[in-house]
Amino acid sequence: MRRYYASGLALLLVVGAGAFSEISWRSVRPSIPEIGRKELEPTLGQGVLLGILGGLRTVVADLTWIRSYVLWERKDRPGCEALMRTACALDPHSRYFWENTGYAIGFDMAHWEIRRRGGYAKVPAETQQRLFQQYARRGIDVLDEGIGRSKAPAPLLLCAAQLAETKLKDHALSVRYYQQAAESHDAPWFAARICAVIMWEDGRKAEAYRWFRKYWTERMLPKDDGYPDDLRQLRGMETGLRLKPEERIPRPSWER
């Protein structure tokens, strides 16, 4: 009997939460100005929406984001993008909003556009590639805005780097973003290695080795374990460049 009571209570809470979300959205929706893409872009960074909503802006931003995700599931590109960018404008320090807006625009929306035009079988490959690049650039533009506002820029820099690498095929731009991510205060451990590998595979072998060696020596070697996997990557580069023993990184005491 208790089990049925608990299940019924859980179901009631879920239904109640859904109803509360819908009621909350309806209550704050009139406070959100009707802003399309053309109207939204000039307001970013000017504090217009922040001034209108005052202390409610983070609450409205969260509800706006939830609504945008519903439109994301429906693959409603104009509505989804407008609401996501509105959420970013309302809460400009939210790394989560900027990152996921960049991902949605840069990686998802070109596929939606191709399907809207009839699907992959009907849309020419050249048009598909143009759409992938067009939306990737728009995603990077959004991420660039967020990088200047977020207190944790590394995830945004990594997303921009991935878009530049996989969609634009612009390795030089990708490397610049990876370098910024590696040198940021919240740098992930893998950003520097990926950056060096892309430079190496792009034919910039000596430059890749010099940059990665300097980064490893200054930021990795002083740490507790010295990042041995990254040192192995550097050793492989030294072999590939055929460096003389005296030109290589001095052997640490812990290196096998």
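Numbering of residues starts from 1 in each chain and follows the order in which that chain's sequence is written. Under the rules for a predicted model, residues below a pLDDT of 70 receive no local features and side-chain atom pairs below 80 are neither given nor counted, while totals for whole chains, interfaces and linings still include all residues. In computing side-chain values, all of the structure's heavy atoms are included and hydrogens and water are not.

## Let's talk about unusual backbone geometry
With a phi angle near 60°, Lys169 is a residue other than glycine that sits in the positive phi range. Under the scheme used here, helices are H or I runs from DSSP no shorter than 4 residues and strands are E runs no shorter than 2 residues, and both carry numbers assigned from the N terminus. Its location among the elements puts Lys169 in the loop between α8 (154-166) and α9 (171-183).

## Overview of the nonpolar core
Counting residues in hydrophobic clusters, the biggest one holds 62 residues, and the most contacted among them are Tyr177 and Trp211. Residue contributions to this core peak at nine residues, all from helix α6 (residues 95-116). Think of a nonpolar core as a cluster: buried Ala, Val, Leu, Ile, Met, Phe, Trp, Tyr and Cys residues, connected wherever their side-chain atoms sit within 4.5 Å. Buried, partly exposed and exposed residues are distinguished by accessible area as a fraction of the type maximum, computed with a 1.4 Å probe on protein chains only: under 20%, between the cut-offs, and over 50%, respectively.

## What about α6?
The end-to-end C-alpha distance of α6, which contains 22 residues, comes to 30 Å, matching closely the 32 Å that a straight helix rising 1.5 Å per residue would cover. Throughout, the bend at a residue refers to the angle made by two axes, fitted to the seven residues ending there and to the seven starting there. The axis of α6 is deflected most strongly, by about 45°, at Asp108. Where α6 ends, the next residue or the one after it, Gly118, has phi of about 125°, a positive value. Helix span, expected: 1.5 Å multiplied by one less than the number of residues in the helix.

## As for the pattern of salt bridges
We define a salt bridge as a side-chain nitrogen of Lys or Arg found within 4 Å of a carboxyl oxygen belonging to Asp or Glu. Considering all chains together, one arrives at twelve salt bridges under this definition. In this structure, Arg193 and Asp230 form a salt bridge, with 3.3 Å as the shortest nitrogen-oxygen distance. Note that Arg193 is positioned in helix α10 (residues 191-201) and Asp230 in helix α12 (residues 228-241), a separation of 37 residues in sequence. Residue Asp230 is classed as buried on the basis of its relative accessible area of 1%. Among the salt bridges present, the one from Asp229 reaches Arg232, with a minimum N-O distance of 1.9 Å. Residue Asp229 and its partner Arg232 are both found in helix α12; the two are separated by three residues, about one turn of the helix. When its relative accessible area of 40% is taken as the criterion, Asp229 is described as partly exposed. The class of Arg232 is exposed, set by a relative accessible area of 54%. Several salt bridges converge on common partners, so that one network encompasses Arg77, Glu81 and Arg138.

Keep in mind these numbers describe shape, not what the thing actually does.
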